[in-house]
Amino acid sequence: MRLTRIVLLALTLGFASHADAPLLGFKPENVAGQRALEAQFESHLDAGNLDSWMKTITSRPHHVGSPGAKANADFVAAKFKEWGYDTELEVFNVLFPTPKERRVELILNGKVAYRARLDEPALKQDATSAIRKDLLPPYNAYSADGDVTAELVYVNYGTPEDYDDLERLGISVEGKIVIARYGRSWRGIKPKLAYEHGAIGCIIYSDPREDGYFQGEVYPEGAYRPEFGAQRGSVADMPLFPGDPLTPGVGAKEDTDRLSLEEAPTLMKIPVLPISYQDAQPLLEALGGPVPPAGWRGGLPFTYHIGPGPATVRIKLAFNWDIVPAYNVIARMPGSTYPDQWIIRGNHRDAWVFGAADPTSGTVAMMEEARAIGELAKTGWRPKRTLVYASWDAEEPGLIGSTEWAEYHADELKQKAVVYINSDGNGRGFLGMGGSHTLEKFINEVGRDITDPETDVTADARLRARMRASGNDDEARRADLRISPLGSGSDWTPFLQHLGIASLNLGYGGEGGGGSYHSTYDSYDHYTRFGDPGFTYGVALANTAGRTTLRLANADALPFAYANFADIVKVYLAEVQKLADTMRSDTEKLNTRVADGVYTLAADPTERYVPPAAKAPVPHLNFAPLENAIDRLEKQATAFDKALQGGIRDNTLSTERIEALNRVMMKTEQAMTAASGLPKRPWFTHQIYAPGFYTGYGVKTLPGVREAIEQREWAEATEQIERVAGVLNDVATMLENAM
């Protein structure tokens, strides 16, 4: 009893110390009640629940279509029902290949010199690593079937820049098998580029320099990837579109028309397989050819060579191309005032194997957040707006569960969805905030109200201290810290970049060791030792995302702020202008050297070096339409923010006026989309944020303009400048007309 009184007193004192601090979007008379609600919410959070639920969810493999996936869906759904949510399992039927044959062999002098192990052995220090029932071995989903034999070429990370280096070295991969190390780009880009350059097969390995003993002690002694650990993952061409490869743009229900495998554009065209650095070492050691530039050299204990050959490699892969059920758990708490305005909160649940860090650490935090809100509801409280909690299946193969749901419910979501809030894996460290910059001011305010469990300062203060320590004083002094623009790699993609729904991605990290990602060793034992011992940062995520959800649900005026958005778009414009100027200068220098017969290579010139050819000059692009649109947007954004926030603060806006403004703000992100989408990939409609065509996960801001410049498509660049200017003018017009 005494302990309870102390806890309650501490909560009361903590609440009282900042009860009068304003909250974006809340009338002054409603701030104290909201802060009291959040304090009550936080008091319900219990790390023990996260621990218990993770142990249950990670006790068996649970990839999409597996018995474990259905068991976990039922487990999570039962919990949401227990906590008072209207809960359903919504099923989609999706393509998910699993391997039936995998073989990689090194052939020297016509004989098999090494056969890759392609297995992750059990460890006595890791209780679940011995489980083999329903376990998927290391493989890349959506690789092509094939049996190919060819000389091997090492292509570093397999990025466009690496192929430029190979061209300068006079090395072709046509008709070869390439081996690339993980890093610098999403895994699916590596076989995509290899195929485009004529390769017939691709191997991806985890080099110990990035993901092994070069970083620290390997598992089980330390956190990092052991020599036999391999990274599974999808290689579908998701920069074209994510989701089920056979049903682009529509939800994959049982009776949905499907493409054939031959027609599906996102399926990889060549066989590709991930291997460990234990299996990669004999292959790389057998290569001849030039020593690569310094930046190409990894952490294995020998001199790296590029090839081609004399190592010859055989890859033989065959898959079961099955249609399997994906179970999304959808739980709703209807809003008391605005039931047709939805705050959607999601985290995926499926994993390649046991998935403790990815994604269960985020899943259990979201569950605890939802449970604590359920405790609030037991008192008779209800959110003003409807809460929708989503536990997605089939994220790992290609954001499938969330994409199919968003596509199937697209019309309703465009009318009702206010914000999508995402999380994924979570761990010790610093608050990460990404998303729509119309929400930048709002999520910074949340970060200032969260206590970091390790340092006992706010999450915002700890993040600013890290920036100062790294020499980024200017950023640390900003009133609102910049949030990261979103590329792809998790379930915000269909909401933000396809439907134009404002989105956030939240999580903690930066202090836990790597090494378990997409492996058998992403386990409860690994996570509770190295990821987040005690689940203190799991509770921090539940607190952060929970406050975010509650504030969005209860705000009088939606807490969007447009000046932050206008400011960052101006930064993005400066970046693409600098890109064009740099390309022009570099092209002029190159062409001068070509004309003078002077050639240089950045590192390690060899007799095989091929002088570069002259390039077409870079024209001066007309950025005036974008400059004018941004000037107008800045003006209207500042005026709108001032009028809205001043009206809320001074209580001069009627309820009817606020409701009308909310309806406008719900649509502004959709105004940033274009129905025809981006060049060569119409599924991606957002004109400000997209995953890069050749980066995969990595974001490209002003993607139509930026990528046209990068690809030297000058007419397209001009068209895209006009298009982006048009959507920014549309946003400015909406804000101007609203006030």
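Here the structure is shown first, and the text comes after it.
Reading the values: the criteria
- Along each chain, residues carry numbers from 1 onward, in the same order as the chain's sequence is written.
- In keeping with the model being predicted, local features are shown solely for residues with a pLDDT of at least 70 and side-chain atom pairs are shown and tallied solely at 80 or more, while totals for entire chains, interfaces and linings include all residues.
- Computation of side-chain values covers all heavy atoms of the structure but excludes hydrogens and water.
- Between the N-to-C directions of two axes lies an angle of 0 to 180 degrees, each axis being a line fitted to C-alpha atoms and, for a helix, fitted only over the stretch in contact.
- The numbering of helices and of strands both runs from the N terminus, where a helix is a DSSP run of H or I of at least 4 residues and a strand a run of E of at least 2.
- Here is the rule for angles: anything less than 35 degrees is roughly parallel, anything more than 145 is roughly antiparallel, 65 through 115 is roughly perpendicular, and the remaining ranges are oblique.
- Here a residue-residue contact requires only that any non-hydrogen atoms of the pair lie within 4.5 Å.
- In this text, buried Ala, Val, Leu, Ile, Met, Phe, Trp, Tyr and Cys residues form a nonpolar core when linked through side-chain atoms within 4.5 Å.
- Summary of the burial criterion: residues with accessible area below 20% of their type's maximum are buried, those above 50% are exposed, and those between are partly exposed, where the area comes from a 1.4 Å probe applied to protein chains only.
- Planes of paired rings set the category: under 30 degrees apart is stacked, over 60 is edge-to-face and the rest tilted, where pairs are Phe, Tyr or Trp rings (Trp by its six-membered ring) whose centres lie within 6.5 Å.
- Two helices cross in a left-handed way if the nearer one is turned anticlockwise from the farther one by less than a right angle. They cross in a right-handed way if the turn is clockwise.

**With respect to the packing of helix α18 (residues 562–596) against helix α21 (residues 703–710)**
Packed helix pairs are characterised by how far apart their axes lie and by the angle those axes make with each other. Between α18 and α21, the least distance of the axes is 10 Å, while the angle of their chain directions is 10°. Accordingly, the angle class assigned to the pair α18 and α21 is roughly parallel. Taken together, the residues of α21 that come into contact with α18 (itself represented by Y572, E575, V576, L579, A580 and M583) are V705, R706, I709 and E710.

**Some thoughts on the nonpolar core**
In terms of nonpolar packing, the biggest core is built from 205 residues, with Y205, L284, L413, I688, I709 and L728 touching the most fellow members. Sequence-distant contacts of L413, that is, excluding residues within four places in its chain, are made with W342, I344, W405, A406, F495, L499 and I501. Counting residues in each nonpolar core, the second largest holds seven residues, with F241, W683, F684 and A690 among its members.

**Here we look at the packing of aromatic side chains**
Using the criterion set out here, one finds 28 aromatic pairs in the structure. Look at Y139 and W352: their rings are 5.9 Å apart centre to centre, the planes differ by 90°, and that puts the pair in the edge-to-face class. Of this pair, Y139 sits in the loop between β2 (111–115) and β3 (140–141) while W352 sits in the loop between β10 (338–348) and α9 (356–377), and the two are 213 residues apart along the sequence. Residue classification places Y139 among the buried positions, given a relative accessible area of 0%. What makes W352 buried here is its relative accessible area of 3%. When the ring of Y508 is compared with that of Y537, the centres are 5.7 Å apart and the planes differ by 50°; the resulting orientation is tilted. Here Y537 lies in helix α17 (residues 536–554) and Y508 lies in strand β14 (residues 503–510), a separation of 29 residues in the sequence. Each member of the pair Y508 and Y537 is classed as buried.

**Examining the packing of α21 against helix α22 (residues 714–738)**
Relative orientation of the contacting elements α21 and α22 amounts to 165°, with a least axis distance of 8 Å. If you check the angle between α21 and α22, you find them roughly antiparallel. For α21 against α22, the interelement crossing comes out left-handed. Each of G704, V705, A708 and I709 in α21 lies in contact with α22, whose residues at this interface are W714, E716, A717, Q720, I721 and V724.

**Description of unusual backbone geometry**
For the bond from G307 to P308, the omega torsion is 0°, close enough to zero to count as cis. The phi angle at R184 is positive, at roughly 70°, despite the residue not being glycine. A positive phi is found at N651, a non-glycine position, where the angle reads about 60°. Structurally, N651 can be placed in the loop between α19 (624–650) and α20 (655–668). The class for N651 is partly exposed, based on a relative accessible area of 38%.

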